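The lines below spell out each chain.
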Amino acid sequence: EPEVTQTPSHQVTQMGQEVILRCVPISNHLYFYWYRQILGQKVEFLVSFYNNEISEKSEIFDDQFSVERPDGSNFTLKIRSTKLEDSAMYFCASKLDQYNEQFFGPGTRLTVL
Amino acid sequence: DQQVKQNSPSLSVQEGRISILNCDYTNSMFDYFLWYKKYPAEGPTFLISISSIKDKNEDGRFTVFLNKSAKHLSLHIVPSQPGDSAVYFCAASAKNYGQNFVFGPGTRLSVLP
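Rules and cut-offs
- Residues numbered from 1 in each chain as written.
- Chains lettered and ligands numbered in written order.
- Predicted model: local features only at pLDDT ≥ 70, side-chain atom pairs only at ≥ 80, totals over all residues.
- Heavy atoms only, no water.
- Helix = DSSP H or I, 4+ residues; strand = E, 2+ residues; numbered from the N terminus.
- Rg over C-alpha atoms; globule rule 2.2 N^0.38 Å.
- Areas by Shrake-Rupley, 256 points an atom, 1.4 Å probe, with all protein chains shown as cover.
- Lys, Arg positive; Asp, Glu negative; His and termini not counted.
- Charge placed at Lys NZ, Arg CZ, Asp CG, Glu CD.
- Buried < 20%, exposed > 50% of the residue type's maximum accessible area, 1.4 Å probe, protein only.
- Contact = heavy atoms within 4.5 Å.
- Disulfide = S-S within 2.5 Å.
- Polar contact = N/O pair within 3.5 Å; in protein donor to acceptor, adjacent residues only side chain to side chain.
- Salt bridge = Lys/Arg side-chain N within 4 Å of Asp/Glu carboxyl O.
- Buried area = accessible area lost by both parts, 1.4 Å probe.
- Nonpolar A, V, L, I, M, F, W, Y, C, P; charged D, E, K, R; others polar.

When helices and strands are counted, chain B shows zero helices and eleven strands. Counting helices and strands in the order they occur from the N terminus, chain B gives β-β-β-β-β-β-β-β-β-β-β. Scaling as 2.2 N^0.38, a compact globule of 113 residues should have a C-alpha radius of gyration of about 13 Å, and chain B matches this with 13 Å. Dimensions of chain B, computed from the C-alpha atoms along their principal axes, are close to 45 × 30 × 20 Å. Total accessible area on chain B is roughly 5,300 Å²; 49% of this is exposed by carbon and sulfur atoms. Here chain B carries 11 positive and 9 negative side-chain charges, and the mean point of each set is 2 Å from the other.

Listed below in structure tokens is the structure:
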């Protein structure tokens, strides 16, 4: 069964460093998402991506964040200068079309020290 | 601003009995709802969905009920099994808002053998 994959499973970084979180969505899916879940809190929407551009982003997704689909298979989230409060689980999701549910990856745990 | 609420942070049920998880929303523009199940260290897994044109959707042991006038939905699991023990998230989206999901805070279900 096709699935969304994410690497790495755990990333530890120093405050101020750049991180890139990687996702491989399900191959024929067209819509891509990033969510995050801070420990003990709810899952929060960050950004959606369709047709090679951002379709929507939340207040959390400020200038420190960017997304890219560099090669037609990977979907990446970059945080330019990490802050302590960026520590969270980051989930990538994809869906086939606007009528279907999103499929989530297993998440990347980001720890900012 | 909690647009999607799950007022019970946890629920314990005996194996074989019915589990009822509740979700309330405030945004009347929401027209599509999903339930996700999440095990520790994994991403959310889609369980069942319902669109606002229906008031009930059933899939095996899982039934979702939607009461639009009350802005309330519930997930029924019958019979509950120990493997159902997980955190259940209610999520809502609106076509006009790009279909990005707003998640509730989750309810931790424990099914006791």
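What follows picks up the thread again.
Attention shifts here to the overall build of chain A. Check the secondary structure of chain A and you find zero helices and eleven strands. Taking 2.2 N^0.38 as the reference for a compact globule, 113 residues should give roughly 13 Å; the C-alpha atoms of chain A span a radius of gyration of 13 Å, in line with that estimate. Counting all 113 residues of chain A, 45% fall into the buried class. Of the contacts formed within chain A by residues at least 6 apart in sequence, a portion of 54% connects residues at least 24 apart. For chain A, the exposed surface amounts to about 5,800 Å²; the carbon and sulfur share of it is 46%. On chain A, the mean spot of the 10 positive side-chain charges and the mean spot of the 15 negative ones are 4 Å from each other.

Quick look at the state of the cysteines now. Tallied over the full model, the rule gives two disulfides over all chains. At a sulfur-sulfur separation of 1.9 Å, the disulfide partner of Cys23(A) is Cys92(A). Where Cys23(A) bonds to Cys92(A) through sulfur, the torsion about that S-S bond is close to -60°, and the disulfide is left-handed. One end of the pair, Cys23(A), is in strand β3 (residues 19–24); the other, Cys92(A), is in strand β9 (residues 88–95), and 69 residues separate them in sequence. Each of the two residues, Cys23(A) as well as Cys92(A), counts as buried. Disulfide pairing places Cys23(B) opposite Cys90(B) at an S-S distance of 2.0 Å. In this structure, the disulfide formed by Cys23(B) and Cys90(B) twists by about -70° around the S-S bond and is classed as left-handed. With Cys23(B) in strand β3 (residues 19–25) and Cys90(B) in strand β9 (residues 86–93), the pair connects residues that are 67 residues apart, well separated along the chain. Cys90(B) shares its class with Cys23(B); the two are buried.

Take the environment of Tyr35(A) next. Within the secondary structure layout, Tyr35(A) lies in strand β4 (residues 31–37). Considered as a pair, Tyr35(A) and Phe45(A) are ten residues apart in the sequence and their alpha carbons are 4.5 Å apart. At 3.4 Å, the side chain of Tyr35(A) and the backbone nitrogen of Phe101(B) are in polar contact.

Turning our attention to the pattern of salt bridges. For the coordinates displayed, the defined rule picks out three salt bridges over all chains. For Glu44(A), the salt bridge goes to Arg36(A), with nearest N and O atoms at 3.2 Å. Residue Glu44(A) is classed as partly exposed on the basis of its relative accessible area of 21%. Between Lys56(B) and Glu58(B) there is a salt bridge, and its shortest N-O distance comes to 3.9 Å. Exposure remark for Lys56(B): the relative accessible area of 41% places this residue in the partly exposed category.

Bringing the interface of chain B and chain A into the picture now. In this assembly, 20 residues from chain B lie in contact with 17 residues from chain A. Roughly 1,500 Å² is buried in total at the junction of chain B and chain A, and carbon and sulfur atoms are behind 54% of that figure. Counting the contacts that link chain B with chain A gives zero salt bridges. Linking chain B to chain A there are two residue pairs in polar contact (both at pLDDT 80 or more). No other element matches the four residues that strand β4 (residues 32–38) of chain B contributes to the side of chain B that touches chain A. Per-class residue counts for the side of chain B that touches chain A are eleven nonpolar, six polar and three charged.

By themselves, these figures tell us nothing about what the structure is for.
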